[in-house]
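Summary of the model geometry
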Amino acid sequence: MSYGMLDPKSLTVFVTGATSGFGEAIARRFVGAGARVVGTGRRMERLEKLKAELGEALHVAELDVRDYAATEKLLAELPEAFSGVNVVAANAGLALGLGPADTVDLADWHTMIDTNVTGFVNTVRATLPGMIARGRGHVFGLGSVAGDYPYPGGNTYAGTKAFVKQFLLALRSDMLGKNVRVTNIEPGMVETEFSLVRFKGDEGKAADVYANMRGMTANDVAETIFWCATLPEHVNINRLQVMPTDQAFGPFAVHRG
Ligand code: NDP
Ligand code: 8X3
């Protein structure tokens, strides 16, 4: 048994949400280090652009993570060179809105649950059997500080990220003895298209979130995942919470009537 760092060239990475933000940065980081990457998402034109940049080590495919049958089919039909997936970044997800629970659009809550919970478990369930059969794997979820610390308007988004955290901790138990590692990455504020999506294309509102502070970048998150994925096989990072230096905690709110 080797106690050394893993050779990135031995990794085949399956990434959901590779059209933007973390997923795109994960694809770049791993391909740059010699791994093979399957990059998926709904916006195919963006994936084709990434493929033009990264070349043969990136295989791209259109996928809506809410569609389990499509996820299974895609995995079953991967070209030979990409079929031995041993790292999964179940990254696709979104926040919609930041309003109080009694006034927000219920459809937005359903979309977040369908994507961040149902889509997330779809990805994990579809990729696990192959990794277990091959005797090697690593599942990454993208949780969030929102899964630990409540904030006004977090409601359903925060709930979905708490689900990701607890699901992955339980998955660790199921994977014991199977050589499949499980890690929940829990970032704070990272400037991607996340806030643009949350505020439904309002660029001003999205920019305000990161104004006059140093947010993290998608590359910071990709680097964290790369580090966890290349650690020696006997080491499992269960949860990794990472925040910008310029973000911290506040006091409890108290209503005085
Ligand atoms: P982006 O909006 O930049 O990227 C989100 C990605 O998810 C896109 O590639 C999008 O692709 C994909 N996606 C959304 N819905 C679906 C779907 N139904 N099927 C397939 N792909 C989908 O955001 P981030 O990169 O910042 O976010 C990535 C993950 O990290 C999310 O789970 C988010 O909750 C989490 N996170 C983000 C933080 C931040 O501050 N940015 C902090 C903590 C966690 P497409 O639309 O093309 O399908
Ligand atoms: C995204 C981070 O703090 O905007 O998950 O919820 S936060």
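Structure: see above.
Residues numbered from 1 in each chain as written. Chains lettered and ligands numbered in written order. Predicted model: local features only at pLDDT ≥ 70, side-chain atom pairs only at ≥ 80, totals over all residues. Heavy atoms only, no water.

**Let's talk about the site of ligand 1**
Surveying the vicinity of ligand 1 reveals 30 residues, the closest of which are Thr19, Ser20, Arg42, Tyr157 and Thr192. Within the contact set of ligand 1, an oxygen atom lies 3.0 Å away from a backbone nitrogen or oxygen of Val190. The separation between an oxygen atom of ligand 1 and a polar main-chain atom of Glu193 is 3.2 Å. Here ligand 1 has 880 Å² of accessible area as a free molecule, and 96% of this is covered by the chains. Elements represented by at least two residues in the shell around ligand 1 include exactly α1 (21-32), α5 (155-174) and α6 (194-198). Its residues assigned to classes, the shell around ligand 1 shows 12 nonpolar, 12 polar and 6 charged. (Near = heavy atom within 4 Å. Polar contact = N/O pair within 3.5 Å; in protein donor to acceptor, adjacent residues only side chain to side chain. Areas by Shrake-Rupley, 256 points an atom, 1.4 Å probe, with all protein chains shown as cover. Helix = DSSP H or I, 4+ residues; strand = E, 2+ residues; numbered from the N terminus. Nonpolar A, V, L, I, M, F, W, Y, C, P; charged D, E, K, R; others polar.)

**Comments concerning the packing of helix α3 (residues 68-76) against helix α4 (residues 106-134)**
The packing of two helices is summarised by the inter-axis angle and the distance between the axes. Relative orientation of the contacting elements α3 and α4 amounts to 35°, with a least axis distance of 9 Å. In terms of crossing hand, the pair formed by α3 and α4 is right-handed. Together, Tyr68, Thr71, Glu72 and Leu75 of α3 and Asn122, Thr123, Arg125, Ala126 and Thr127 of α4 make up the contact between the two elements. Broken down by class, the residue content of the contact of α3 with α4 amounts to 3 nonpolar, 4 polar and 2 charged. (Axes fitted to C-alpha atoms, helices over the stretch in contact; angles between N-to-C directions. Left-handed = near helix turned anticlockwise from the far one by under 90°. Contact = heavy atoms within 4.5 Å.)

**Topic: the pattern of salt bridges**
Under the criterion given, the structure shown has 13 salt bridges. Of the charged contacts in the structure, one is a salt bridge between Glu77 and Lys73, with a shortest N-O distance of 3.4 Å. Take Lys73: its relative accessible area is 51%, and that puts it in the exposed class. The salt bridge involving Asp246 is made with Arg214; its shortest N-O contact spans 2.8 Å. You can see Asp246 sitting in the segment after β7 (239-242) and its partner Arg214 sitting in the loop between α7 (203-209) and α8 (218-230), a full 32 residues away along the chain. Connected through salt bridges with shared partners, the residues Asp148, Lys165, Glu186 and Arg239 form a single ionic network. (Salt bridge = Lys/Arg side-chain N within 4 Å of Asp/Glu carboxyl O. Buried < 20%, exposed > 50% of the residue type's maximum accessible area, 1.4 Å probe, protein only.)

**Notes on the nonpolar core**
If you look at the biggest cluster of nonpolar residues, it comprises 36 residues, and the most contacted ones within it are Val13, Ile26, Phe30, Val37, Ile185 and Ile225. Residue assignment for this core shows that the elements contributing at least two residues are β1 (12-16), α1, α2 (44-54), β3 (58-62), β4 (87-90), β5 (137-142), α8 and β7. Among the elements that line this core, the one with the most residues is α8, at 7 residues. When neighbours within four sequence positions are excluded, Val13 is seen to be in contact with Phe30, Ala35, Arg36, Val37, Val38 and Val87. (Core = buried A, V, L, I, M, F, W, Y, C linked by side-chain atoms within 4.5 Å.)

**Side note on the packing of aromatic side chains**
For the structure shown, the criterion picks out 5 aromatic pairs. Taken together through their ring pairs, the aromatic side chains of Phe120, Phe163 and Phe167 make up a single cluster. For the cation-ring pair, Arg29 lies above Phe226, with the distance from its terminal atom to the ring centre recorded as 3.8 Å. Over the ring of Tyr157 we find Arg198, and its NZ or CZ is 5.3 Å from the ring centre. (Phe/Tyr/Trp six-rings, centres within 6.5 Å; stacked < 30°, edge-to-face > 60°. Lys NZ or Arg CZ within 6 Å of the ring centre and 35° of its normal.)

**Notes on the site of ligand 2**
Neighbouring ligand 2 are Ser144, Val145, Ala146, Tyr151, Tyr157, Gly188, Phe194 and Arg198. A distance of 2.6 Å separates an oxygen atom of ligand 2 from a polar side-chain atom of Ser144. One of the side-chain N or O atoms of Tyr157 is found 2.6 Å from an oxygen atom in ligand 2. Starting from 240 Å² of accessible surface for ligand 2 in isolation, the protein chains cover 84%. Residue composition of the shell around ligand 2, grouped by class: 5 nonpolar, 2 polar and 1 charged.

**A closer look at α1**
Given a rise of 1.5 Å per residue, 12 residues ought to cover 16 Å, and the 17 Å separating the end C-alpha atoms of α1 matches this to within 8%. Listing the buried residues of α1 in full gives Gly21, Phe22, Gly23, Ala25, Ile26, Ala27, Phe30 and Val31. One or two positions beyond α1, positive phi appears at Gly34, with a value near 105°. (Expected span 1.5 Å × (residues − 1).)

**Section: α5**
For α5, with 20 residues, the first-to-last C-alpha span of 29 Å sits near the 28 Å given by 1.5 Å per residue. Thr156, Tyr157, Ala158, Thr160, Lys161, Val164, Lys165, Leu168 and Leu171 are the residues of α5 that are buried. Where α5 is buried, its residues touch α4, β5, β6 (180-187), α6 and β7.

By themselves, these are just geometric observations and shouldn't be taken as functional.
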